[in-house]
Amino acid sequence: MKSRPLTRRTAVLGLTATAAALARPSIVRAQAAARIVVVGGGFAGAACARALKRAQDSLQVILIEPNTVFTACPFSNEVIAGLRDLDAQQFSYDRLAADAITVIAQAAATIAPQQRSVVTADGVALPYDRLVLSPGIDFHFDALPGYSDAAAEKMPHAWKAGAQTLLLRRQLEAMPDGGTVAIAVPANPSRCPPAPYERASLIAHYLKARKPRSKLLILDAKDSFSQQRLFEQAWKELYGDMIERVALSQGGRVTSVDAATRTIVTEFGNYTPDVANVIPPQRAGRIADIAGAADATGWCPIDPVTFASKLVPNIHVIGDACLGGGIPKSAAAAAAQGKACAAAIVALLADRTPEAPRLTGICYNTVAPGYGFSLTGNYQPRGDIFAEVEGGATSPLDAPRELRAREAEDAERWYRTITSECFG
Ligand SMILES: Cc1cc2nc3c(=O)[nH]c(=O)nc-3n(C[C@H](O)[C@H](O)[C@H](O)COP(=O)(O)OP(=O)(O)OC[C@H]3O[C@@H](n4cnc5c(N)ncnc54)[C@H](O)[C@@H]3O)c2cc1C
């Protein structure tokens, strides 16, 4: 950790200032600088809050986030494989507070769009001119019978980084040589589509070094996946036949689980692995649903030029929670959306027409130390979604190991840059 986390007292001071503002007569409020409340301080929310303040210092920017320390998912697969400490994933909000963003260490509990007000878990109402929702994902437990928060203590998802990441790592460490690790992969849309396969690779790296008689089984609700040929080439080259994948058409979709017996049920048969990493189906963070911003898909439809919710006025949705179309749910996309949304809000407040954004996302996968590859994409609004446009690129197949080593270094550099932009 770089610096001291927010204390309860800091948070209370933030609330007190807001409560004082609330008490002002409405005529004064109308003349005051616009107040933007951002719910969720992950990659999307932190990037947006900072970009708002940088674009227009006079804006009141309030960030509501229950955790005083953010734990980043990118590179958390390396923590699971014992290649990195969880500390390298953790960032405080001190730098955002130093940028004159009011950081409130609470969860948003309810939202009243008519009153334009967010109520935090401790019962304080915060009015807004515009609200940005960036709550990331929650799990769609109804879509996977048998799975729940309690089941995740036995069959970890490790799809929100932190305690779950360490639990999965401990289970791998405790597993005997010759054991089986299974990873259950959901259908899209889901957070970071290539990350389950990166995880499989890095767990295989750990097993090869420490428990070489073990197997890794991927039970997949998809037939094909992002950068598949690159992954499969690397698996063959690095891990021989240690990784086995059962695709959707082979009956790989997981239909239920039983945590008591650590059983994974698929369309083809039952599996009882020694370590079960169950990544459940996902949806937008629950507060998006409470706000009325999520539709029947569980995700939030938006206008891709402004990120304005299609369902609720004066609310914008960014990051994993929004229905982005062709743009993957990634930290790179979330931060890019955060910045573009900030620009759109500043334009809207000034009665200007926001410019259509062109977003670029890069996604690195590290399949072993010093072995990485990437996918770059460009995305622009088309109708109600983002569509991929020309200019994207994927690392070549059959590339020399020097290129893979360079891309692994680029991945580290990317992580340092994005976390510094958002939290540093
Ligand atoms: C294993 C793994 C590896 C990954 N690797 C990569 C990678 O290499 N590159 C990449 O680009 N992406 C990667 N990702 C994806 C990336 O982590 C997500 O896409 C990204 O975090 C999305 O950002 P976000 O801001 O939308 O959500 P998050 O970063 O999850 O932030 C959401 C925040 O909202 C807060 N929140 C939720 N509800 C409330 C509420 N009611 N009130 C207040 N706050 C709330 C949460 O506490 C959280 O801090 C990976 C993901 C995983 C799981």
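This text gives an overview of the structure that appears in the document. Remember, predicted model here, so these are calculated numbers, not experimental data. (Residues numbered from 1 in each chain as written. Predicted model: local features only at pLDDT ≥ 70, side-chain atom pairs only at ≥ 80, totals over all residues. Heavy atoms only, no water.)

This next bit is on the overall build of the protein chain. Across its full length, the protein chain holds 12 helices and 24 strands. Whereas a compact globule of 424 residues would reach a radius of gyration of roughly 22 Å, the protein chain reaches 22 Å, a difference of no more than 12%. Principal-axis analysis of the C-alpha atoms gives the protein chain an extent of 70 × 45 × 40 Å. Scored against the burial criterion, the 424 residues of the protein chain give a buried share of 55%. Restricting the contact set of the protein chain to residue pairs at least 6 apart, pairs at least 24 apart contribute 66%. Accessible area for the protein chain stands at about 17400 Å²; split by element, carbon and sulfur atoms hold 51% of it. Once the 44 positive and 41 negative side-chain charges of the protein chain are each reduced to a mean point, those two points are 4 Å apart. (Helix = DSSP H or I, 4+ residues; strand = E, 2+ residues; numbered from the N terminus. Rg over C-alpha atoms; globule rule 2.2 N^0.38 Å. Buried < 20%, exposed > 50% of the residue type's maximum accessible area, 1.4 Å probe, protein only. Contact = heavy atoms within 4.5 Å. Areas by Shrake-Rupley, 256 points an atom, 1.4 Å probe, with all protein chains shown as cover. Lys, Arg positive; Asp, Glu negative; His and termini not counted. Charge placed at Lys NZ, Arg CZ, Asp CG, Glu CD.)

Below, the discussion takes up the sheet that holds strand β12 (residues 215–220). With respect to topology, 4 strands assemble into an open sheet ordered β13-β12-β11-β17, the strand pairing being parallel. Of all strands in the sheet, those bounded by a partner on one side alone are β13 (243–246) and β17 (275–278). Mean inter-strand twist for the sheet, computed between neighbouring axes without regard to direction, equals 15°. Where β12 and β13 come together, 4 bridges link them in parallel fashion. Its bridge partner lying in β13, I218 is registered against R245. (Pairing = 2+ DSSP bridges. Axes fitted to C-alpha atoms, helices over the stretch in contact; angles between N-to-C directions.)

With that settled, consider the packing of helix α8 (residues 195–210) against helix α9 (residues 228–239). For the pair α8 and α9, interaxial distance at closest approach is 11 Å and the crossing angle is 0°. It follows that α8 is roughly parallel to α9 by the angle criterion. For the pair formed by α8 and α9, the contact residues are Y197, E198, A200, S201, A204, H205 and K208 on the first element and F231, W235, L238 and Y239 on the second. Grouping the amino acids of the contact of α8 with α9 by side-chain chemistry returns 7 nonpolar, 2 polar and 2 charged. (Parallel < 35°, antiparallel > 145°, perpendicular 65-115°, else oblique. Nonpolar A, V, L, I, M, F, W, Y, C, P; charged D, E, K, R; others polar.)

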